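# Geometric and topological summary
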Amino acid sequence: MPTSNATRRGAEGAEGEGRLAARSEHRILITGGAGFVGSVLIDHLESDEGPGCGIVAPGLGEAPGIDICDADAVDRLVRDARPTAVVHLAAVAAPAEAASAPGRAWDVNLTGTRNLATAVLQHAPDARFVYAGSSDAYGASFIDAERPLPETTALQPMNVYAATKAALMSANSSRAMS
């Protein structure tokens, strides 16, 4: 569970996030902060950066969470937080969960990420955006691999979760190349 500072910061809600953004020079928006990686990241940031680092992590403590698939809610969150950095960890991350609800996995992992990226481009275009991909996107490429794979290896997902991650990795690569 994240530290009490993260809970306090997250509990300020949409109105408080504007106040948080106004008093902190560096603001980090973390989606999926209640998950394993997100909670460890928040603990690490708070121990390294201290109280001057503004962490906005919806869904922690008493703070209301947002549905990443709700473009308007995501837009308001980013507008109010005015992040200088975004760490996007929210996802349907368990392959079994994605297989049992593939529509939800595509909505959260693809549409939700698009909603967040669009809002960041609109309201915080200078923010750094960190997206958590997955080696699962390489899938079948690992089958005959005798050494680590370079990122230029073909994406060959073998399940729904991996396909959602591969779609985003492919879209981001295409965009970066154009």
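What you are looking at is a predicted structure, and each value in this text was computed from that prediction instead of being measured. (Residues numbered from 1 in each chain as written. Predicted model: local features only at pLDDT ≥ 70, side-chain atom pairs only at ≥ 80, totals over all residues. Heavy atoms only, no water.)

## What to know about the overall build of the protein
Within the protein, the regular secondary structure consists of seven helices and four strands. Written out in order from the N terminus, the α and β elements of the protein read α-α-β-α-β-α-β-α-α-β-α. Of all 178 residues assigned to the protein, the portion counted as buried reaches 39%. Once local pairs closer than 6 in sequence are excluded, the contacts in the protein between residues at least 24 apart make up 71%. About 9700 Å² of surface is accessible on the protein, with carbon and sulfur atoms providing 53% of the total. (Helix = DSSP H or I, 4+ residues; strand = E, 2+ residues; numbered from the N terminus. Buried < 20%, exposed > 50% of the residue type's maximum accessible area, 1.4 Å probe, protein only. Contact = heavy atoms within 4.5 Å. Areas by Shrake-Rupley, 256 points an atom, 1.4 Å probe, with all protein chains shown as cover.)

## A few points about the pattern of salt bridges
Going through the model one piece at a time under the given rule, you end up with two salt bridges. With a shortest N-O distance of 4.0 Å, Asp67 and Arg104 are connected by a salt bridge. Pair noted here: Asp67 is in the loop between strand S2 (53-56) and helix H4 (71-81) and Arg104 is in helix H6 (residues 102-123), with a separation of 37 residues, a long-range link. With a relative accessible area of 36%, Asp67 lands in the partly exposed category. For Arg104, a relative accessible area of 42% puts it in the partly exposed group. In this structure, Asp80 engages Arg79 in a salt bridge whose closest nitrogen and oxygen atoms are separated by 3.3 Å. Overall, the relative accessible area of 18% leaves Asp80 in the buried class. (Salt bridge = Lys/Arg side-chain N within 4 Å of Asp/Glu carboxyl O.)

## Observations concerning the nonpolar core
Among the nonpolar cores identified, the biggest contains 18 residues, and Leu29, Val74, Val78, Leu116 and Val120 are the most heavily contacted of them. Those elements that place two or more of their residues in this core are H4 and H6. For this core, the element with the most residues is H6, which contributes five residues. Those residues in contact with Leu116 that lie beyond four places of it in its chain are Leu29, Thr31, Ile68, Val74, Val78, Val86, His88 and Phe129. (Core = buried A, V, L, I, M, F, W, Y, C linked by side-chain atoms within 4.5 Å.)

## Re the pairing of strand S3 (residues 85-88)
The alternating pattern of S3 places Ala85 and Val87 on one face and Val86 and His88 on the opposite face, and all of these are buried. Here S3 pairs with strand S4 (residues 128-131) via four bridges, running parallel. From the neighbouring strand, Ala85 faces S4, where its bridge partner is Arg128. (Pairing = 2+ DSSP bridges.)

## What about the side chain of Ser39?
Tracing the sequence through the fold places Ser39 in helix H3 (residues 36-49). Judged by relative accessible area, Ser39 falls into the buried class, the value being 11%. Within the local environment of Ser39, its side chain forms a polar contact with the backbone oxygen of Phe36, the two atoms lying 3.0 Å apart. (Polar contact = N/O pair within 3.5 Å; in protein donor to acceptor, adjacent residues only side chain to side chain.)

## So, the packing of H4 against H6
In contact at an axis separation of 9 Å, H4 and H6 are set at 40° when each is read in the N-to-C sense. Our classification of the angle between H4 and H6 gives oblique. Judged by the twist between their axes, the crossing of H4 over H6 is right-handed. The segment H4 lies against H6, with Ala71, Val74, Asp75, Val78 and Arg79 engaging Asn115, Leu116, Ala119, Val120 and His123. Of the residues belonging to the contact of H4 with H6, the class tally is six nonpolar, two polar and two charged. (Axes fitted to C-alpha atoms, helices over the stretch in contact; angles between N-to-C directions. Parallel < 35°, antiparallel > 145°, perpendicular 65-115°, else oblique. Left-handed = near helix turned anticlockwise from the far one by under 90°. Nonpolar A, V, L, I, M, F, W, Y, C, P; charged D, E, K, R; others polar.)

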